[in-house]
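Chain by chain, the residues:
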Amino acid sequence: MTDFHPQVKQLLDGELTLADLPAALRPEGVEALRLLAAVDREPVALPSTLDARVLAAVRARAARPSLWRRFLAPREIRVRLRPWTLVPALAAAAALVLFLSSPARTPTASTVTVRFVLFAPDAQQVSLAGTFNQWDPAATPLVRTGSPGVWSATLILPAGQHQYAFVVDGARWVADPGAPAVDDGFGRRNSVLSL
Amino acid sequence: MDRLGARAAAPDGDVVRAVLAGDAERYAELVQRYRDRYARYAARMLGSPDAAEDAVQDAFIRAYDQLAQCRDPDNFAGWFFLILRNRCFAERRRTKREAVADVSQDELPGPGRADRDAERSETQQLLARGVSELTAEQREVFVLKHVEGLSYGEIAERLGTSVPSLKMRMHRAYDRLREQLRDRA
């Protein structure tokens, strides 16, 4: 048995002192404090060249037309329907993204209502993770629609470029086959949505 | 730590709004303000200062690309931290299947590696190895509480989670570290 006693964990959490522990637990408390004393809290300084590299990337982006400024201007909301496309990896899963103006809410000039739809007949749950929800797979669940196997979620998103992926059954990250995709740098493909 | 002197007085929100209005050069203020603040977190999460440097650089560029989505410009720091955190977790997922890291090179702050190794106590090295083998979630709460010195309440606010769930994660980490240290002692 190697678990610390609950009171020793309180000691480690800073909620108790060694003197608060019963005498029988003090040796274990000393062992626990020795563990914390070994924590390396030395600051980490990054090289100053990092600033220059970031700024070079920022300047390169600033030299291009700014997506967010381009799309902040008032504009007509377009309706675009993507055809469903089979996803081999999902064996008959397909997806479409439908852009539409919301009849219930009035999007501002800088927001657009977007409906995300995934056809995943074998899925038990589907969610959406992307730049708009900090890639949190739990933040935006899709719900089953009236059509069998079809899941959807409707979001109001700020104009600009967003990256996203569907998360099927909490584990499988699936790019939208009906949208362009980019490498996320970590071995996955992210779908790209430009509003 | 204020690296910017008088210019650092500009609130984050003012800088973010200026960048969004087209003054890209002012993004340098945010980089200088937060580059080192989160470097230690990234280094402890990823196991090396080199990996931390890549992660912080990438997070800053991503943050610039997504700056229009920063809903609370006055809390740029919290928003940026979440981007860096996601980058660190993604990196850990990416390297998970790779060979077990050479922990003798883990948790090192940069130059003087050999000297520093010599100075580190055996317990420190064992603990560093143990921390590197915690789950990403356990490691994060351990780093934020015991390296960065945040309270459970502050961590919960930063990560958008509850104190009880953080404590559960941390207490499992304590047990796992004890087990690892005993096995290797």
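All values reported here derive from a predicted model rather than from experimental measurement. Chains are numbered independently. Their residues run from 1 in the order of the written sequence. To read the labels, note that chains go from A and ligands from 1, taken in the order they are written. Only residues with pLDDT of at least 70 are given local features in this predicted model, and only at 80 or more are side-chain atom pairs given and counted; all residues enter the totals for whole chains, interfaces and linings. Only hydrogens and water are set aside; all other atoms, that is, all heavy atoms of the structure, feed into the side-chain values.

### Considering the confidence of the model for chain A
Residue and element names in this part refer to chain A. Residue-level pLDDT values for chain A average 75, and 74% of them are 70 or greater. Mean pLDDT values for the elements of chain A range from 40 in strand β1 (residues 80–81) up to 95 in helix α1 (residues 6–12). The predictor attaches a confidence to each residue, called pLDDT, with possible values from 0 through 100. Only heavy atoms matter for contacts: two residues are in contact if any of them lie within 4.5 Å across the pair. A low-confidence stretch, residues 66–107 (pLDDT under 50), is modelled with 94 contacts involving residues beyond four sequence positions or located in other chains. Going along the chain from the N terminus, every DSSP run of H or I of four or more residues is numbered as a helix, and every run of E of two or more is numbered as a strand.

### As for the interface of chain B and chain A
Taken together, the contact pairs 62 residues of chain B with 48 residues of chain A. Of the roughly 4,900 Å² buried at the junction of chain B and chain A (both faces included), carbon and sulfur atoms supply 55%. The term salt bridge refers to a side-chain nitrogen of Lys or Arg lying within 4 Å of a carboxyl oxygen of Asp or Glu. One salt bridge connects A:E28 with B:R178, and the closest N-O pair in it is separated by 3.9 Å. When residues of the side of chain B that touches chain A are traced back to their parent elements, those giving at least two are α1 (12–20), α2 (27–34), α3 (39–46), α4 (49–65), α5 (76–95), α7 (122–132), α8 (136–147) and α10 (163–184) of chain B. A class-by-class count of the residues in the side of chain B that touches chain A yields 29 nonpolar, 10 polar and 23 charged. The buried area of a pairing is the accessible area, by a 1.4 Å probe, that goes missing from both parts when the two are put together, added over both. For this scheme, ten residues count as nonpolar: Ala, Val, Leu, Ile, Met, Phe, Trp, Tyr, Cys and Pro. Four count as charged, namely Asp, Glu, Lys and Arg, and the remainder, Gly too, count as polar.

### Quick look at the nonpolar core
Residues belong to one nonpolar core when they are buried, are Ala, Val, Leu, Ile, Met, Phe, Trp, Tyr or Cys, and are joined through side-chain atoms within 4.5 Å. To sort residues, take the accessible area from a 1.4 Å probe on protein chains only and compare it with the maximum for the residue type: under 20% means buried, over 50% means exposed, and anything in between is partly exposed. By size, the foremost hydrophobic cluster in this structure holds 74 residues, and its most contacted members are A:V54, B:Y27, B:Y41, B:F60, B:F76 and B:L84. Looking at this core element by element, the count peaks at nine residues for α5(B). Setting aside chain neighbours within four positions, we find B:F60 in contact with A:L50, A:V54, B:Y27, B:L30, B:V31, B:Y34, B:R35 and B:F80. Within the second largest apolar cluster, 21 residues are counted, among which are A:V112, A:A153, A:L155 and A:L157.

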